[in-house]
Amino acid sequence: MRQTSGSSFPECCLAKILFLIAGLVLVYWILKAYKRKVEGRAHKPKAQGGEDMVRCAHCGVHLPRSESLMANQAFYCNADHRRLHQGTD
């Protein structure tokens, strides 16, 4: 004769259900990580166009063209260097 343990599900079915739930949770975590990785690539800021760098004719420092001063076809990092360099010519 078979003894019943008082539950309607045999223990093997319960183990299969727990294994299935664990597998679904694992698949969910993997898909969530993959989605985060793909979205991370899509949201990276694109490199903006760079600006030309110029060299100060007096001290040699490189700076963006938009921040430089130009006089007599030469670039300077500030007004003092422009004045000092033009005084030597």
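Preceding this paragraph is the structure being described.
So, here is what we can say about the structure in this document. Everything numeric here is computed off the predicted structure, so don't read it as measured data.

What about the state of the cysteines?
Summed over all chains, the structure comprises 0 disulfides. With no disulfide of its own, Cys-56 lies closest to Cys-59 among cysteine sulfurs, the gap being 3.7 Å. Judged by its relative accessible area of 38%, Cys-59 falls in the partly exposed class.

Brief notes about unusual backbone geometry
Negative phi is the rule for most residues except glycine; trans is the rule for most peptide bonds. If you check the backbone angles, Asn-72 has positive phi at about 55° while not being a glycine. Even without glycine at this site, Gln-73 takes up a positive phi of about 65°. Position of Gln-73 relative to the elements: it lies in the loop between β3 (69–71) and β4 (74–76).

Description of the pattern of salt bridges
Using the criterion set out here, one finds 2 salt bridges in the structure. Between Asp-52 and Arg-65 there is a salt bridge whose closest N-O contact spans 4.0 Å. Taken together, the positions of Asp-52 in the loop between α1 (11–42) and β1 (53–55) and Arg-65 in the loop between β2 (62–64) and β3 put the pair 13 residues apart, joining distant regions of the chain.

Topic: the side chain of Ser-68
For Ser-68, the position within the fold is in the loop between β2 and β3. A polar atom in the side chain of Ser-68 sits 2.8 Å from the backbone oxygen of Arg-65. Not counting residues within four places of it along the chain, the set of residues in contact with Ser-68 comprises Val-54, Leu-63, Phe-75 and Tyr-76.

Considerations on the environment of Cys-77
The topology assignment puts Cys-77 in the loop between β4 and α2 (79–88). A relative accessible area of 24% places Cys-77 in the partly exposed class. With 18 residues separating them in the primary sequence, Cys-77 and Cys-59 have C-alpha atoms 8.3 Å apart. Once you skip the residues sitting within four places of it in the chain, Cys-77 turns out to touch Cys-56, Cys-59, Leu-63 and Glu-67.

Digging into a nonpolar patch on the surface
A cluster of nonpolar side chains, contributed by Leu-14, Ile-17, Leu-18, Ile-21, Val-25, Leu-26, Tyr-28, Trp-29 and Ile-30, occupies part of the molecular surface with about 920 Å² of accessible area. With respect to the secondary-structure elements, Ile-17 resides in helix α1.

Scoring rules and cut-offs
Residues numbered from 1 in each chain as written. Predicted model: local features only at pLDDT ≥ 70, side-chain atom pairs only at ≥ 80, totals over all residues. Heavy atoms only, no water. Disulfide = S-S within 2.5 Å. Buried < 20%, exposed > 50% of the residue type's maximum accessible area, 1.4 Å probe, protein only. Helix = DSSP H or I, 4+ residues; strand = E, 2+ residues; numbered from the N terminus. Salt bridge = Lys/Arg side-chain N within 4 Å of Asp/Glu carboxyl O. Polar contact = N/O pair within 3.5 Å; in protein donor to acceptor, adjacent residues only side chain to side chain. Contact = heavy atoms within 4.5 Å. Patch = residues over 30% accessible without salt bridge, like charges linked within 9 Å, V, L, I, M, F, W, Y side chains within 5 Å. Areas by Shrake-Rupley, 256 points an atom, 1.4 Å probe, with all protein chains shown as cover.

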